[in-house]
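Take a look at the letters that make up each chain.
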Amino acid sequence: MQRAFDLARLGAEKAAPNPMVGAVIVYNDRIIGEGWFKEDGTSHAEVNAVASVQQKDRHLLKEATMYVSLEPCTIFGRTPPCTNLIIKEQIPKVVISTVDHTEGVNGTSQAVLEAAGCEVITQVLPQKGKNLAKIRNTFVREKRPYIILKYAQTADGFMGQPTEQIWLTNPISKRLVHKWRSEVDAILVGTNTAKIDNPKLNNRLYFGKSPTRIVLDKNGSIPKSHHLMSDNLETWIFTQKEKNIELEHKKYINTSFDAHLIKNILDELVKKRKSSLLVEGGAVVLQHFIDQHLWDECRIFTTPTHLVSGVKAPMLEGNVQQKYSILDNELTILTPKS
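What you see is a predicted model, and the numbers here were worked out from it, not measured in a lab.

Chemist: Please give an account of the pattern of salt bridges that cites residues and values.
Modeler: It is possible for side chains of opposite charge to pair when their charged atoms get near one another. All chains considered together, the criterion is met by 19 salt bridges. The shortest N-O distance in the salt bridge between Asp-231 and Arg-213 comes to 2.4 Å. Of this pair, Asp-231 sits in the loop between helix 8 (227-230) and strand 10 (235-239) while Arg-213 sits in strand 9 (residues 212-216); the two residues are 18 residues apart in sequence, bridging distant segments of the chain. Of the residues examined, Arg-213 reaches a relative accessible area of 1% and is grouped as buried. Lys-263 is the salt-bridge partner of Asp-267, the closest N and O atoms lying 2.8 Å from each other.

Shown next as structure tokens:
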């Protein structure tokens, strides 16, 4: 099962909005086939695992066990149900880590497979399986993207100064953030962060894609010379100001900057099948998500710097899941309290 998890993570950049899934086929403690879901719209992990079995080993499928990180699908989408393939190949035993909350699947695979005479074992390393599937399951269950808040703070609780850019994290932490960018569909900042920091919000320090950039610009005040407005990366600009001219790679979305703003943003992301959102700031934007209980995970870098005064870091209570030391930075990962 751990091998299935490792394979699943190979799809981190391109699987969305589908889940990362890995599958391993074993005969007498020998792996005879394995696969993962590589990209949206392509064949599923189970299909790839069966296809990888060498011709000389095909007859062993009828005596093999398939380990899969997420339950096999039971519905027709762009591809046939994976349970159909398992039954067709007469694989006698399937071991599943956790449930796929997609409507129409959601725990049904066990009954389908058992009805066809297959032995099914579930809940193997379930917490690891749930962690792998958390983005997809949140997306289909909550009808919104999986939301990750991220910020850096000083040892005395400040994020920066209100009128100037201040770098807090070290180069290794910065590279880690770019890795995270490669693994999400969209990234969001507010107007002040866009104007003061002039960020690129792309992935240039790691391998893989850059996310769709979301920027809040209520009155159209971000200078056109800034990176978010002038480069050729996909950018959505939420604004109250009417825009008659569309810039290349820029999408203006008119919306009211009221209590429904964040919901409107999330709804737009769902319409475009964006299943994960990284919120990078600033403090006011982060606090809006916190106050509306719209977050699933928060990643906080604490640095040894002292500012004494400035922009206070958000007030956030959560359950500490993990802590890491990254040179002189401490990374804390929180999840909401139940």
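Chemist: Kindly report on the nonpolar core, identifying the contributing residues and their values.
Modeler: Leu-149, Val-279 and Phe-289 are the most contacted members of the largest nonpolar core, which has 30 residues in total. Listing elements by their share of this core, those giving two or more residues are strand 6 (146-153), strand 8 (186-189), strand 9, strand 10, helix 9 (261-271), strand 12 (276-281), helix 10 (283-291) and strand 13 (297-302). When near neighbours in sequence (up to four residues on either side) are disregarded, Leu-149 contacts Val-279, Leu-286, Phe-289, Ile-290, Trp-295, Glu-297, Cys-298 and Arg-299.

Chemist: Report on the layout of surface pockets, specifying residues and quantitative values.
Modeler: What the largest pocket holds in volume is close to 1500 Å³. Lining the largest pocket are 48 residues, and of these Asn-131, Lys-134, Tyr-146, Glu-297 and Arg-299 sit closest to its centre. Sort the elements by how many residues they give to the lining of the largest pocket and helix 5 (residues 126-142) lands first, with twelve residues. Split into classes, the residues belonging to the lining of the largest pocket amount to 22 nonpolar, 13 polar and 13 charged. Taken as a whole, the second largest pocket spans an internal volume of roughly 1200 Å³. Lining the second largest pocket are 48 residues, with Thr-193, Asp-197, Glu-280, Gly-281 and Gly-282 positioned closest to its centre. For the lining of the second largest pocket, the secondary structure elements donating two or more residues are strand 6, strand 7 (158-160), helix 6 (171-182), helix 7 (191-197), helix 9, strand 12 and helix 10.

Chemist: Give me the lowdown on the sheet that holds strand 5 (residues 119-121), citing residues and values where you can.
Modeler: The strand order across the open sheet formed by five strands is 2-1-3-4-5, and the pairing between neighbours is mixed. At either margin of the open sheet sits one strand with a lone partner, and together these are strand 2 (30-36) and strand 5. Taken over all neighbouring pairs, the strand axes of this sheet differ in orientation by 20° on average, direction set aside. When strand 1 (residues 22-27) meets strand 2, the two strands line up antiparallel, connected through six bridges. By the bridge assignment for strand 2, Tyr-27 is matched with Arg-30.

Chemist: Lay out the sheet that holds strand 10 with the relevant residues and their values.
Modeler: Spatially, the nine strands line up as an open sheet ordered 11-10-9-8-12-6-13-16-15, and their pairing is mixed. Each having just a single partner strand, strand 11 (250-254) and strand 15 (319-326) make up the two edges of the open sheet. The average undirected angle you get between the axes of adjacent strands in this sheet is 20°. Here four bridges tie strand 8 to strand 9, and the two strands are oriented parallel to one another. When the sheet's bridge partners are listed, Val-189 is paired in strand 9 with Val-215. Contacts from helix 6 reach strand 6, strand 8, strand 12, strand 13, strand 15 and strand 16 (329-335), with the element oriented near 165° to strand 13.

Chemist: Any details on the packing of aromatic side chains? Residues and values, ideally.
Modeler: Summed over all chains, the structure comprises two aromatic pairs. A ring pair is formed by Trp-180 and Phe-301, whose centres lie 5.7 Å apart and whose planes are at 25°; its orientation type is stacked. Of this pair, Trp-180 sits in helix 6 while Phe-301 sits in strand 13; the two residues are 121 residues apart in sequence, bridging distant segments of the chain. The pair Trp-180 / Phe-301 is uniform in exposure class, with both members buried. Ring geometry for Tyr-206 against Phe-207: centres 5.6 Å apart, planes inclined by 70°, an arrangement best described as edge-to-face. Given a relative accessible area of 65%, Phe-207 falls into the exposed group. The ring of Trp-236 carries Lys-251 above its face, with NZ or CZ at 4.7 Å from the centroid. Sitting above the plane of the Phe-158 ring, Lys-312 keeps its charged end 4.7 Å from the centroid.

Chemist: Just give me the short version of the environment of Pro-72, but keep the residues and values in it.
Modeler: The topology assignment puts Pro-72 in the loop between strand 3 (65-70) and helix 3 (82-88). The exposure class assigned to Pro-72 is buried, which follows from its relative accessible area of 0%. Excluding residues within four positions of it along the chain, Pro-72 makes contact with Glu-46, Cys-82, Thr-83, Ile-86, Ile-96, Val-105 and Ser-109.

Chemist: Can you break down the side chain of Asn-18 residue by residue, with the values?
Modeler: Here Asn-18 shows up in the loop between helix 1 (2-8) and strand 1. One polar contact links Asn-18 to Asp-40, side chain to side chain, over a distance of 2.7 Å. Leave out the neighbours within four places in its chain, and Asn-18 touches Phe-37, Asp-40, Gly-41, Arg-78 and Arg-136.

Chemist: With reference to specific residues and values, describe the environment of Glu-330.
Modeler: Its location among the elements puts Glu-330 in strand 16. Taking C-alpha positions, Glu-330 is 12 Å from Ile-172, a pair spaced 158 residues apart along the chain. If we skip the residues at most four places from it in the chain, Glu-330 touches Ile-300, Phe-301, Thr-302, Lys-323 and Tyr-324.

Each value, and the rule that gives it
Residues numbered from 1 in each chain as written. Predicted model: local features only at pLDDT ≥ 70, side-chain atom pairs only at ≥ 80, totals over all residues. Heavy atoms only, no water. Salt bridge = Lys/Arg side-chain N within 4 Å of Asp/Glu carboxyl O. Helix = DSSP H or I, 4+ residues; strand = E, 2+ residues; numbered from the N terminus. Buried < 20%, exposed > 50% of the residue type's maximum accessible area, 1.4 Å probe, protein only. Core = buried A, V, L, I, M, F, W, Y, C linked by side-chain atoms within 4.5 Å. Contact = heavy atoms within 4.5 Å. 1 Å grid on protein atoms, 1.4 Å probe; cavity = no way out; pocket = protein on both sides within 12 Å on 5 of 7 lines; lining within 4 Å. Points joined across faces, edges and corners; volume = space filled by probe spheres on them. Nonpolar A, V, L, I, M, F, W, Y, C, P; charged D, E, K, R; others polar. Pairing = 2+ DSSP bridges. Axes fitted to C-alpha atoms, helices over the stretch in contact; angles between N-to-C directions. Phe/Tyr/Trp six-rings, centres within 6.5 Å; stacked < 30°, edge-to-face > 60°. Lys NZ or Arg CZ within 6 Å of the ring centre and 35° of its normal. Polar contact = N/O pair within 3.5 Å; in protein donor to acceptor, adjacent residues only side chain to side chain.

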